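A closer look at the structure
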Amino acid sequence: MAQVKSTRRTIRRPENGGCTRSTVNTKQIAAHWDELLRLATSIKQGTVTASLMLRKLGAYPRQNALAVALRELGKLERTLFLLQYIQDVELRRRIRVGLNKGEARNALAKAVFFNRLGELRDRTHENQRHRASGLNLVVAAIVLWNTDYLERAVTDLRERGQTIPDELLAHLSPLKWERINLTGNYHWRRDGGLENRKLRPLRADPGPFGLTPNAEGCIRSAP
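Residues numbered from 1 in each chain as written. Predicted model: local features only at pLDDT ≥ 70, side-chain atom pairs only at ≥ 80, totals over all residues. Heavy atoms only, no water.

Inspection of every chain in the model, using the stated rule, returns five salt bridges. Across the pair E72 and K75 runs a salt bridge whose closest N-O atoms are separated by 3.5 Å. Residue E72 and its partner K75 are both found in helix α4 (residues 65-87); the two are separated by three residues, about one turn of the helix. For E72, a relative accessible area of 5% puts it in the buried group. Residues R93 and E90 are paired through a salt bridge, measuring 2.8 Å at the closest nitrogen-oxygen approach. With R93 and E90 both in helix α5 (residues 89-112) and three residues apart, this pair spans about one turn of that helix. Overall, the relative accessible area of 37% leaves R93 in the partly exposed class. The exposure class of E90 is partly exposed, given its relative accessible area of 37%. (Salt bridge = Lys/Arg side-chain N within 4 Å of Asp/Glu carboxyl O. Helix = DSSP H or I, 4+ residues; strand = E, 2+ residues; numbered from the N terminus. Buried < 20%, exposed > 50% of the residue type's maximum accessible area, 1.4 Å probe, protein only.)

What follows is the structure, given as structure tokens:
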């Protein structure tokens, strides 16, 4: 392996006139490169999990040399990602969209988890897991319900001659709950789900999910 010297990279932040300095010890990476490759291969092949290796490395009483090499390698990865994030507008847009989806999912879970002011007050870990699993189940049921009716709504509008480009469907979100009654009792049936029950008919005016086409063929929200 070629000799590599430790490098220092500086990223200047024009908004405050300062700079951020971070030193990457590439000698540490080069010294444990073979171990890093073996670790990456084991994780990729499924021999071990990344979480298990992190727990083992963190359990050492003294800082492990492989853990130090991983940290230095992580500095390089973060530096490259930050440079790409600053230069690539499309990457920033995709990240923003992903963050918005995560925030929307958290907002839905918060709206569903209104009982006991949204606090887990169960004393045992098992009961806490059951309550959290129930929350995930309700959120998944709402997402399934919205997804099914969004698909039926789009199909219905297309059959009536409305033009809905496929690229616009990526901007639809099944995480809305304004038209779902979150209060009351939840009944869990074991009759096969949606396959063995009738779906509610779509409304023509206003359209599905409060959308109705106007004279120009555009979709608008119903009053």
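Anyway, onward from the coordinates.
In this section: the packing of aromatic side chains. Applying the stated rule across the entire model yields two aromatic pairs. With centroids separated by 4.8 Å and ring planes inclined at 40 degrees, the aromatic side chains of W145 and Y149 adopt a geometry described as tilted. Here W145 and its partner Y149 are both found in helix α6 (residues 125-159), four residues apart, which amounts to about one turn of the helix. Residue W145 is classed as partly exposed on the basis of its relative accessible area of 34%. (Phe/Tyr/Trp six-rings, centres within 6.5 Å; stacked < 30°, edge-to-face > 60°.)

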